[in-house]
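Structural features, examined
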Amino acid sequence: MKMVGSQKHRAEEEAQETCAPRFQRKTLTAPAPFADETSCQCRAPHEKLTIAQARLGTPVDRPVRVYADGIFDLFHSGHARALMQAKTLFPNSYLLVGVCSDDLTHKFKGFTVMNETERYEALRHCRYVDEVIRDAPWTLTPEFLEKHKIDFVAHDDIPYSSAGSDDVYKHIKEAATCRSAWSCRAFPAGFLFPLCSGMFVPTQRTEGISTSDIITRIVRDYDVYARRNLQRGYTAKELNVSFINEKKYRFQNQVDKMKEKVKNVEEKSKEFVNKVEEKSHDLIQKWEEKSREFIGNFLELFGPDGALLSITYEPTPGTTSNTESSCSLFPRGEMSRSDSEYSA
């Protein structure tokens, strides 16, 4: 019995070792792997989890495998936010993202801007994605869920009508109310995989951003973007622009260039005028300061109490000057008419 127990324990350890590369993405230095290129085929026991168990972070021996799918055309922040929500639903999650092929998408939804290879690569380089499943099914099947050992499906709760169905996730959502897979009629006939304890987990859409909104902007401002790409070197043939429209766009580009030049000249002229005004103001201010200084110096020298008069009317002691003799002709305190006029 001990031999059998040790062999069983060794087999479980080997199974966990073989699954480790598949379930753990150790770094963000490389893109997420494709599911069909991983060499590991999981042999570890995969017991069904409830949402309550997953939110507690159990089981410790493996992460909770969450699946999200979509078209992901013109990958934008709304896509990234949805994947972030799916990745962070549980403490220990491994996010698998299914991307539908061009054939399926064109058949059920419409033409895409990016081809399937570009869309696959965009998802591989999103930080929240652990694994990308190429050519994902439009409607999830029991076989697909069992093959990839999916615990929960994450998507917004808005009904997604397509392929003749009011909601392609309806059977996953209705399964959340079932208690036994054996009695669940929400799944197709023959579906016996125990998934009915609550498998669908809703995420929230990001308002104001979507692939359709981005395409609408481009279509609305088509002329602007056509002119932009012509300026960047694309040919009219590459842009599917007629000869007449090409000439019209190029003429509009030339007009815009002329407007830009005129605008630049006006701005430079305004700058020059502002500089001249600033310099003129500085010159006037300096002139006023110098004028005040000159007048002050003049008054100090030639005013009633100026230094020049004190030199003229106060001779050196012991000497008699012509000025003193002339001043003696008048009584003390009186001045000649010319002096009084001068002082006035």
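Everything in this summary refers to the structure shown in the same document. Every value quoted in this text rests on a predicted model; they were computed, and no experiment measured them.

Here's the deal with the overall build of the protein chain
Across its full length, the protein chain holds 14 helices and 5 strands. The proportion of buried residues among the 344 residues of the protein chain is 32%. Looking at the protein chain alone, contacts between residues at least 24 apart form 65% of all its contacts between residues at least 6 apart. A total accessible area of about 23500 Å² is found for the protein chain, and carbon and sulfur atoms account for 55% of it.

Quick word on the packing of aromatic side chains
If you walk through the whole model with that rule in mind, you get 5 aromatic pairs. For the pair Phe90 and Phe152, a centre-to-centre distance of 4.9 Å together with 35 degrees between the ring planes defines the contact as tilted. Linking Phe90 in the loop between helix H3 (77-87) and strand E2 (93-99) with Phe152 in strand E4 (residues 152-156), this pair joins segments that are 62 residues apart in sequence. Of the two residues examined, Phe90 and Phe152, each falls in the buried class.

Regarding the pairing of strand E1 (residues 64-70)
In terms of residue burial, E1 counts as a mostly covered element, since 7 of its 7 residues are buried. Both faces of E1 are covered, namely the face carrying Val64, Val66, Ala68 and Gly70 and the face carrying Arg65, Tyr67 and Asp69. Of the pairings in the sheet, the one linking E1 to E2 comprises 7 bridges and is parallel in character. Across the sheet, Arg65 pairs through a bridge with Tyr94, a residue of E2. For the handedness criterion, the β-α-β arrangement of E1, H3 and E2 is classed as right-handed. Bridge analysis of E1 against E4 gives 2 bridges, and the strand direction is parallel.

What to know about a negative patch on the surface
A cluster of acidic residues, Glu260, Glu266, Glu267 and Glu271, forms a negative patch at the surface. Tracing the backbone shows Glu271 in helix H11 (residues 243-302).

Some words on the environment of Tyr160
By secondary structure assignment, the location of Tyr160 is in the loop between E4 and helix H7 (170-174). By relative accessible area, Tyr160 is classed as partly exposed at 25%. For the pair formed by Tyr160 and Lys170, sequence separation is 10 residues and the distance between their alpha carbons is 8.7 Å.

About the criteria used
Residues numbered from 1 in each chain as written. Predicted model: local features only at pLDDT ≥ 70, side-chain atom pairs only at ≥ 80, totals over all residues. Heavy atoms only, no water. Helix = DSSP H or I, 4+ residues; strand = E, 2+ residues; numbered from the N terminus. Buried < 20%, exposed > 50% of the residue type's maximum accessible area, 1.4 Å probe, protein only. Contact = heavy atoms within 4.5 Å. Areas by Shrake-Rupley, 256 points an atom, 1.4 Å probe, with all protein chains shown as cover. Phe/Tyr/Trp six-rings, centres within 6.5 Å; stacked < 30°, edge-to-face > 60°. Pairing = 2+ DSSP bridges. Right-handed = clockwise from strand over helix to strand, strands pointing away. Patch = residues over 30% accessible without salt bridge, like charges linked within 9 Å, V, L, I, M, F, W, Y side chains within 5 Å. Salt bridge = Lys/Arg side-chain N within 4 Å of Asp/Glu carboxyl O. Lys, Arg positive; Asp, Glu negative; His and termini not counted. Charge placed at Lys NZ, Arg CZ, Asp CG, Glu CD.

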